[in-house]
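Coordinates in review
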Amino acid sequence: MPWEQSLRRSGSFVYLTDNQGRSVPFVDIEPGERIYSPYEQIHLVRTLGGHYLLQTLDNVFFYFGEVPDENTSVPLQRLENAPGITCISRVRSKARLPTSARRAACGFTCITTTRLDA
């Protein structure tokens, strides 16, 4: 399951622990940058706000959020595909989910969103 993935940051590297338990190193990047791993065929992206995500070649986004430089694992928080279908790993508040939310076969909550292109 992709939900077993995590990121951790230590010094000048970010490490992806994949669902097979492998530790895949990436050189850390500054906010607003991305780096491509030809071996893993995946981009490590750091948003302008400093959040980390992985982007596959078929535009699936694995969002981890903030990853502190403390060598501690940060679990995958959500998955999103290009059309805007989002699966979140847990709901952290008791707020009501939109009516478009549904339970996925994996047991996580999926929300259909509308992406507005500029």
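Before reading on, note that the structure itself is shown above.
Our subject in this report is the structure included herewith.

Parameters at a glance
Along each chain, residue indices are assigned from 1 in the same order as the chain's sequence is written. Note on the predicted model: pLDDT of at least 70 is required for a residue's local features to be given, and 80 or more for side-chain atom pairs to be given and counted; whole-chain, interface and lining totals, by contrast, use all residues. In computing side-chain values, all of the structure's heavy atoms are included and hydrogens and water are not. The way it works is that DSSP assigns letters per residue, a run of H or I at least four long becomes a helix, a run of E at least two long becomes a strand, and they are numbered from the N terminus. We call two residues in contact when some of their heavy atoms are within 4.5 Å. For two strands to pair, DSSP has to find at least two bridges joining them. Pairing of aromatic side chains here covers Phe, Tyr and the six-membered ring of Trp, requires ring centres within 6.5 Å, and sorts the geometry by plane angle: under 30 degrees stacked, over 60 edge-to-face, intermediate tilted. In this analysis the charged atom, NZ for Lys or CZ for Arg, is taken to sit over a ring once it is within 6 Å of the ring centre and within 35 degrees of the ring normal. When a carboxyl oxygen of Asp or Glu is within 4 Å of a side-chain nitrogen of Lys or Arg, the pair counts as a salt bridge. Relative accessibility under 20% of the residue-type maximum defines a buried residue, over 50% an exposed one, and the middle range a partly exposed one, all with a 1.4 Å probe and only protein chains included.

**Quick notes on the environment of S12**
With respect to the element layout, S12 can be found in the loop between β1 (6–10) and β2 (13–17). On a C-alpha basis, the gap between S12 and V27 in space is 6.1 Å, while along the polypeptide they are 15 residues apart. Those residues in contact with S12 that lie beyond four places of it in its chain are F26, V27 and D28.

**Some words on the pairing of strand β7 (residues 60–65)**
Relative to β7, strand β6 (residues 52–56) runs antiparallel, the two being bridged by four bridges. Paired with L53 across the two strands is Y63, which belongs to β7. What sits between β6 and β7 in their antiparallel hairpin is a turn of three residues, with N59 showing a positive phi close to 60 degrees. Pairing of β7 with strand β9 (residues 78–81) involves four bridges; the strand directions are antiparallel. Within β9, the position partnered with Y63 by the bridge is R78.

**Focus on the packing of aromatic side chains**
Following the criterion strictly, the structure yields one aromatic pair and no others. For R8, the ring lying beneath its charged end belongs to Y15, and the centroid distance is 4.4 Å. One residue, R78, lies across the ring of Y63, its end atom 4.1 Å from the ring centre.

**Section: the pattern of salt bridges**
For the structure shown, the criterion picks out three salt bridges. A salt bridge links R22 to D18; the shortest N-O distance between them is 2.6 Å. Here R22 falls in the partly exposed class, since its relative accessible area comes to 37%. The exposure class of D18 is buried, given its relative accessible area of 8%. Between E40 and R22 there is a salt bridge, and its shortest N-O distance comes to 2.9 Å. Highlighted residues: E40 in the loop between β4 (34–37) and β5 (42–46) and R22 in the loop between β2 and β3 (23–27), separated in sequence by 18 residues. By relative accessible area, E40 is classed as partly exposed at 29%. One network of salt bridges, in which partners are shared, links D18, R22 and E40.

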